[in-house]
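# Understanding the architecture of this molecule
Spelled out, the chains give:
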Amino acid sequence: MTALDAPRVRGTGPLRSGTVLIGRSLRHSLRDGEGLVMAVALPVMMLLLFTYVFGGAILDDGYIDFVVPGVILTCAGFGASSVAVAVNRDLHLGAMRRFRTLPIRSWTVLVGHVAASVLRNLLATAIVIAVALALGFRPTAGPGRWALVVILVALWILAITALFAGIGMIAGSPEAASGYGFVLLFLPYLSSAFVPTETMPSWLRPVAEHQPMGPLVDALRALLIGGADVQLLPPILWSLGITAAAGVLVTQVLRRSQDR
Amino acid sequence: MDAAIEIDDISKSYAHPVLRGVDLTHEAGVLALLGANGAGKTTLVSILTTLVRPDGGRARIGGVDVLRDPAGARRLFAVTGQETTLDELLTGRENLVMIGRLLGLGRDAGRRADALLEQMDLASAGRRRVATYSGGMRRRLDLAASLLSRPAVLFLDEPTTGLDPVSRRRVWDDVRALAAAGTTVLLTTQTLDEAEALADRIAILRDGRIVADGTAAELTAAVGGQRLVLQDATGAEVRSADTDGTAASLTRALAQLGPADQDLTVALRSPTLDDAFLALAHGTPEVAA
Ligand SMILES: Nc1ncnc2c1ncn2[C@@H]1O[C@H](COP(=O)(O)OP(=O)(O)O)[C@@H](O)[C@H]1O
Ligand SMILES: [Mg+2]
């Protein structure tokens, strides 16, 4: 009988189980072909739309240089929102029940989803930047500034992913979880991502300038094409703050659902 | 050596009390926890497998306290619940390898996954996504996931509910093989034939407590009493009265049965395990006292 020659449970540390679970989530991403295509196709289409259709009406020339940071962030936010569905699926379709009876820490399951999402979105972002360069995007940033761009974008992706992991834990179903992602599609429009805030009504401008994406878009634009002082601290604080808040939400919900 | 399962005064309420002080100790072999739908079987198994915290009481698996040291307990048991716990987006084999690696089986995970797929008759489906599996296949894969390591205690919550008769027999065979290999099993079931077919010992959960506990023969004896039955030509029971078999009691019982039609006959019946089950798990009033 096979039970007799079965190996004994040795258990794993968070590092090894985290690696296994990141692998699982990346595999999910690869399996979800449509999701992957959407994550890249959507921002590329936005880029084309803004460059060729709206561009002329909004700014005379150089609009592509202006708009790329906004498209990058829209893409990152949209891609990250799929983590809500993944987390919710684990909770509602039973996989989490198995993980919770294994000798691992259950939060490593979430780490797997979040880490895989960050990697996936960084990749999608790289593709979008490549397309933008092909379309005539001409950033002036040197390697150091590019490195800062990557850090800012990665932190933002982390923040949004963590937030959506939390949303996935409280949403009633995978379908509902995916619905919340649309909020992030609209957030960029309420910032300087696509139009200068000076063109907005005066009551809207403070909102647009101070919602988390406002300072982030400004910083990315300043890093990439120059023209203004780079304010790094506000976007970094926003991203870290959102990540921390999401982390608290996630641990609370996880603990409560375990204590039923 | 520590008993495989020790349950000490476990209680749990949701909107209503579900478990009101469950006590049960099980050393080894197959224990069937028998109870009607809603009796609290899943709640008890969830507490024992660290998924739910009880309101009171203590429980130990292989001597390890599931409340104080859940991580330690998780190294000792495996559980296959009523609902499957598989990753639908992965293949059957990927599921097993992943769980194996999370258990710390390292390089053994793949070899072990293949052996279990073979054993569960899932070898040809192993490279298909679980989303394409039938209910019976999922159940078998979930069972395989619980057998990747060598759990000291295996919990099976209604392992055959909703399965077709063929799949049901297969699960029975698997449980028997495991028991023969020395794994301690606690399985829950709503049906008596399953408990009788698999278990060395049957515990009946009702009204939040273990109301009876023993072998099939002991439970039958516990219900006690014979019954004098008025039956029709097909043997179907028309009316019955309890008796202890003495002449005085038989006369009384006969009188209790009252006037009868021509074609009815009288028979003296000893309780069956079915009677015991109905009495103990569902509470037929006259015998449950
Ligand atoms: N998470 C829960 N929240 C509220 N009530 C619950 C929960 N889990 C179980 N119950 C209730 O506890 C009782 C026992 O349920 P359960 O343990 O699933 O019984 P069984 O497995 O024997 O059918 C039922 O009345 C059920 O509605
Ligand atoms: Mg149940």
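Residues numbered from 1 in each chain as written. Chains lettered and ligands numbered in written order. Predicted model: local features only at pLDDT ≥ 70, side-chain atom pairs only at ≥ 80, totals over all residues. Heavy atoms only, no water.

In the annotation of an unreviewed UniProt entry, the entry for chain B reads ABC transporter, and the organism field reads Brachybacterium phenoliresistens. The record in UniProt for chain B states the following under Subcellular location (unreviewed entry): "Cell membrane". (UniProt positions renumbered as here; feature names shortened; annotations may be inferred.)

An unreviewed UniProt entry lists chain A under the name Transport permease protein, from Brachybacterium phenoliresistens. For chain A, the Sequence similarities (unreviewed entry) comment in UniProt is given as "Belongs to the ABC-2 integral membrane protein family."

Residues and elements named next belong to chain B. The domains assigned to chain B are domain 1 (5-219) and domain 2 (223-288). On the domain 2 side, the residues contacting the eleven residues of domain 1 number eleven residues. With both sides pooled, the region where domain 1 packs onto domain 2 buries about 920 Å², and carbon together with sulfur makes up 73% of that total. Broken down residue by residue, the surface that domain 1 buries against domain 2 is led by Leu192, Arg206 and Leu219, which jointly contribute 53%. The interface formed by domain 1 and domain 2 contains zero salt bridges. For the pair domain 1 and domain 2, the number of links is zero residue pairs in polar contact (both at pLDDT 80 or more). Going through the elements one at a time, helix H7 (192-198), strand E9 (201-206), strand E10 (209-214) and helix H8 (216-223) are the ones with two or more residues in the side of domain 1 that touches domain 2. (Domains from an automatic or database assignment. Contact = heavy atoms within 4.5 Å. Buried area = accessible area lost by both parts, 1.4 Å probe. Salt bridge = Lys/Arg side-chain N within 4 Å of Asp/Glu carboxyl O. Polar contact = N/O pair within 3.5 Å; in protein donor to acceptor, adjacent residues only side chain to side chain. Helix = DSSP H or I, 4+ residues; strand = E, 2+ residues; numbered from the N terminus.)

On to unusual backbone geometry. Positive phi outside glycine occurs at threonine 50 of chain B, with the angle close to 65 degrees. For threonine 50 of chain B, the location among the structural elements is in the loop between helix H1 (41-48) and strand E4 (56-61).

The next thing to look at is the packing of aromatic side chains. Residue and element names in this part refer to chain B. Inspection of every chain in the model, using the stated rule, returns one aromatic pair over all chains. Note on phenylalanine 77 and phenylalanine 155: the rings are 5.9 Å apart at their centroids and 80 degrees apart in plane angle, and the pair reads as edge-to-face. A residue pair is termed long-range when its members are at least 10 positions apart, and phenylalanine 77 in strand E6 (residues 77-80) and phenylalanine 155 in strand E7 (residues 153-157) qualify at 78 residues. Residues phenylalanine 77 and phenylalanine 155 agree in their burial class; the two are buried. (Phe/Tyr/Trp six-rings, centres within 6.5 Å; stacked < 30°, edge-to-face > 60°. Buried < 20%, exposed > 50% of the residue type's maximum accessible area, 1.4 Å probe, protein only.)

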